[in-house]
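Breakdown of the fold
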Amino acid sequence: DAPDDVIENRRRAAEHFGLPEGALNSCYQVHSATALIADRPWNGERPQADGVVANRPGVACGALAADCAPILFADPKAGVVAAAHAGWKGALAGIAGATVLKMQELGARPADIVAVVGPCIAQASYEVGLEFLDAFTAEAAENVEFFEPGETPDKAMFDLPGYVLHRLRRAGVGACEWLGRDTCAEEALFFSNRRAFKRGEPDFGRLMSAIALD
């Protein structure tokens, strides 16, 4: 997108929280299990990571996605919030748990954390190769439950939101839920990397999920 349009869209997102654009903190996302604490507005800085955690007003935590799973976290008792980007690599590496650990550094308790998985690619739209299945079952044999047979024997259908919820529960999160919206299938509402790739489009937009303390 045009840089000026990106800045304007970020400004509008920050304005929703009554904040300037520079206070909408998001990372240069690298599909990692790295989460960072934001103790101030980053004012355009983009550190390499996939989770942002804050415990002060005046800072919004944001995550970009276009099929990957955005996760928003809040511990209302401790006053700690976070946003994370969980593609399959980051989800498998443990970005959900890493974000919870950073929240704990600021006084959050996993049992008090509520989390929501935002719009992302759903299982019915997410065909993968069997190397995916091998990678996930190598991490834990129980992960086989997040795969169903694909249209051909060399393919499988992966349940990304289901797996992300599983990792949130493994991290001890007290309550978590997926919104149930499929970015790939719901073209009128969401950008989608996979949909753009299937159509041979050169690029695709991103969706911003964000959270902030009052």
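These remarks concern the structure in this document.

Rules used throughout
- Residues numbered from 1 in each chain as written.
- Predicted model: local features only at pLDDT ≥ 70, side-chain atom pairs only at ≥ 80, totals over all residues.
- Heavy atoms only, no water.
- Helix = DSSP H or I, 4+ residues; strand = E, 2+ residues; numbered from the N terminus.
- Rg over C-alpha atoms; globule rule 2.2 N^0.38 Å.
- Buried < 20%, exposed > 50% of the residue type's maximum accessible area, 1.4 Å probe, protein only.
- Contact = heavy atoms within 4.5 Å.
- Areas by Shrake-Rupley, 256 points an atom, 1.4 Å probe, with all protein chains shown as cover.
- Lys, Arg positive; Asp, Glu negative; His and termini not counted.
- Charge placed at Lys NZ, Arg CZ, Asp CG, Glu CD.
- Pairing = 2+ DSSP bridges.
- Axes fitted to C-alpha atoms, helices over the stretch in contact; angles between N-to-C directions.
- Polar contact = N/O pair within 3.5 Å; in protein donor to acceptor, adjacent residues only side chain to side chain.
- Core = buried A, V, L, I, M, F, W, Y, C linked by side-chain atoms within 4.5 Å.
- 1 Å grid on protein atoms, 1.4 Å probe; cavity = no way out; pocket = protein on both sides within 12 Å on 5 of 7 lines; lining within 4 Å.
- Points joined across faces, edges and corners; volume = space filled by probe spheres on them.
- Nonpolar A, V, L, I, M, F, W, Y, C, P; charged D, E, K, R; others polar.

Another point: the overall build of the protein chain. In terms of helices and strands, the protein chain carries six helices and twelve strands. Over its C-alpha trace the protein chain gives a radius of gyration of 17 Å, about what one expects of a compact globule, namely 17 Å for 214 residues. On the principal axes, the C-alpha backbone points of the protein chain span a range of 50 × 40 × 25 Å. For the protein chain, the proportion of its 214 residues judged to be buried stands at 49%. Of the contacts made within the protein chain by residues no fewer than 6 positions apart, 62% connect residues no fewer than 24 positions apart. Surface exposure of the protein chain reaches about 10,300 Å², of which carbon and sulfur atoms provide 52%. Averaging the locations of the 20 positively and 30 negatively charged side chains of the protein chain gives two centres separated by 4 Å.

So, about the sheet that holds strand β9 (residues 147-149). One open sheet holds the three strands; their spatial order is β8-β10-β9, and the pairing between them is antiparallel. The open sheet has two free edges, formed respectively by β8 (127-129) and β9, since each of these has just one partner strand. Along the sheet, successive strands turn relative to each other by an average axial angle of 45°, direction set aside. Bridging between β8 and strand β10 (residues 155-158) involves three bridges; their strand directions are antiparallel. Its bridge partner being in β10, valine 128 is matched across the sheet by alanine 156. Packed on one face of the sheet, helix α4 (residues 130-139) meets β8, β9 and β10 and runs near 75° to β8.

Here the focus is the side chain of glutamate 186. Relative to the helices and strands, glutamate 186 is located in the loop between β11 (175-178) and α6 (193-198). Of note is the side chain of glutamate 186, whose polar atom sits 2.5 Å from the side chain of arginine 181. When residues no more than four places from it in sequence are discounted, the contact partners of glutamate 186 are Gly180, Arg181 and Arg195.

In this section: the nonpolar core. One finds Ile71, Phe73, Phe158, Val164 and Leu168 to be the most contacted residues of the largest nonpolar core, which totals 36 residues. Breaking this core down by element, the ones donating at least two residues are β5 (69-75), β6 (80-86), α2 (88-93), α3 (95-105), β7 (114-117), α4, β10 and α5 (160-170). A total of five residues in this core trace back to one element, the largest contributor, which is α5. Counting residues in each nonpolar core, the second largest holds 14 residues, with Ala49, Val59, Cys61 and Ala63 among its members.

Before going further, it helps to spend a moment on α3. For α3, the full list of buried residues reads Ile95, Ala96, Ala98, Thr99, Val100 and Met103. In this structure, the buried residues of α3 make contact with β2 (35-37), β3 (51-54), β5, β6, α2 and α5. Once α3 ends, the next one or two residues include glycine 107, with phi positive near 105°.

In this structure, the largest pocket spans a volume of roughly 1,200 Å³. For the largest pocket, the lining is made up of 39 residues, of which Ala65, Ala66, Phe204, Gly205 and Arg206 are closest to its centre. Mapped onto the lining of the largest pocket, the elements with two or more residues apiece are α1 (3-16), β4 (60-65), α2, α6 and β12 (207-212). Its residues placed into classes, the lining of the largest pocket shows 21 nonpolar, nine polar and nine charged.

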